[in-house]
Each structure stands twice: as C-alpha cells, then as structure tokens.
Amino acid sequence: MAALSLVPRDRVFFDLFAEAGQNTLRAARLLKEMLDKWPDEEGLARDILKAEQEGDRITHDIVRRLNTTFVTPIDREDIHSLAGKVDDIVDHIEETADFMVLYGIEAPMAQSVAMADVLVKACEQTAMLLEHLRGFKDLDKYWIEIHRLENDGDRLFRDGLASLFAGGIDPMVVIRWRDIFLRLERAIDATETAATVIEGIVIKNA
C-alpha cells in the first residue's frame, strides 16, 4: 500500500472544477442580465443554453477522467458528487431562462431580479471555492457566505410566492411565476449543496 502513495495523483481534476465554477458564474450573470433587460434581451437564453451545454461537457470530462485515473487527488465518490452538484446549478439556471421564454413573461417580478442577484453572488463564492479547492485551506469564508446567501434566497422566494397570492392575480400567471421562482430557488440551493460537498472534502483532506 505504501507504494501507491508514490504514484502521481492526477491534478487536472482541480483545473476542471475551476473551469466548471467559472462556467456556472457566467451562466448566472447571463441570467441576471436577461432579467434586467427583459424582454429586450430574450436572445440571452441561447447563450445560457450554451453555458449549460458547456457544463455538461466539463462534467463528462471529469467523469471520463475519473474512470481512467488510478489515483485521484480526492476521493472518487467526492469527485463524482461535486461534479454533479455543480452541474445542477447551471441546469437550474437554464431551466429558469427556458421558462421565461416558454411562458412568454411580459416583465420580471422584482423578487426574481433580486433572486438572480443573490444567485450571481452565490456563484461568485462557488467559483472561488472551486478555484482554490486544490489547497484545501482558508475556504470556510466562502461556504459561510454561500449559506448566508441561500437564506436570503429563501426569504425572497417566500416573498415572491406571497405576492402572487396577495393581489387576485390570474391563476395562470401564478402558476408560471411559481415555476420560475422555484427554479431560481433550486439554483441558489444547488450552490449551497455544492459548498456542503466541498466542506466535506476539506474536512477529509485537512
């Protein structure tokens, strides 16, 4: 068993995770821009779809490399789990943009714009976590901030739902916006889930 420790560990996983983090941040910023400029920038949905496809490509590269690497820098199950959780963030972002177009939303609700802003901030912290993962040190400030932002997102989600049921809004509008709010909340929640996986990885490698 001692000889195994002499085998070079594939460090490319860290580069791929950093790439995934930047792609996630790009998707979140595109969604925020889309909501800020809606409906004038509906075409940004195509750019978000491209980011989602790029996220799939990075995840595929991580899994393929995992299947062909004998010694990994962190536990194999953690690599697989983290890749999936980061990919989930972009998936939910793309679903949000898709629903905006599919439902023909006339104008974004204030809470959705605020949630998109929280999402961008959470993705900034997630990208920093993934960028510095290889060192396993001084990362707690990032996941602590992500947890705080997730709480902000939950509050905005509740506020958004409450506003839908407060003013006699058309039931179809309620259904459409509930779907959009739910996707935004899931995207923000996914950053916290990824941060929790990273926290576990750091504890194991401390």
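Placed above this text is the structure.
Summary of the structure given here. (Residues numbered from 1 in each chain as written. Predicted model: local features only at pLDDT ≥ 70, side-chain atom pairs only at ≥ 80, totals over all residues. Heavy atoms only, no water.)

1. Regarding empty space enclosed by the protein
Here comes step 1: Per the counting criterion, the structure on display carries one cavity of 30 Å³ or more.
Here comes step 2: Considered as a void within the structure, the largest cavity measures approximately 80 Å³ in volume.
Here comes step 3: Every residue lining the largest cavity is listed: F17, A20, N23, T24, G55, I58, T59, I62, A83, V86, D87 and V90.
Here comes step 4: Broken down by secondary-structure element, the contributors of at least two residues to the lining of the largest cavity are helix 1 (12-37), helix 2 (44-68) and helix 3 (76-102).
Here comes step 5: Taken together, the residues of the lining of the largest cavity break down into seven nonpolar, four polar and one charged. (1 Å grid on protein atoms, 1.4 Å probe; cavity = no way out; pocket = protein on both sides within 12 Å on 5 of 7 lines; lining within 4 Å. Points joined across faces, edges and corners; volume = space filled by probe spheres on them. Helix = DSSP H or I, 4+ residues; strand = E, 2+ residues; numbered from the N terminus. Nonpolar A, V, L, I, M, F, W, Y, C, P; charged D, E, K, R; others polar.)

2. Details of the packing of aromatic side chains
Here comes step 1: Enumeration according to the criterion identifies three aromatic pairs in this entry.
Here comes step 2: Ring geometry for F99 and Y103: centres 5.2 Å apart, planes at 85 degrees, overall edge-to-face.
Here comes step 3: Judged by relative accessible area, F99 falls into the buried class, the value being 14%.
Here comes step 4: With 5.4 Å between their ring centres and 40 degrees between their planes, W177 and F181 make a pair best called tilted. Taken together, the residues W177 and F181, both in helix 6 (residues 171-205) and four residues apart, mark about one turn of the helix.
Here comes step 5: Residue classification places W177 among the buried residues on the basis of a relative accessible area of 4%.
Here comes step 6: Residue classification places F181 among the buried residues on the basis of a relative accessible area of 0%. (Phe/Tyr/Trp six-rings, centres within 6.5 Å; stacked < 30°, edge-to-face > 60°. Buried < 20%, exposed > 50% of the residue type's maximum accessible area, 1.4 Å probe, protein only.)

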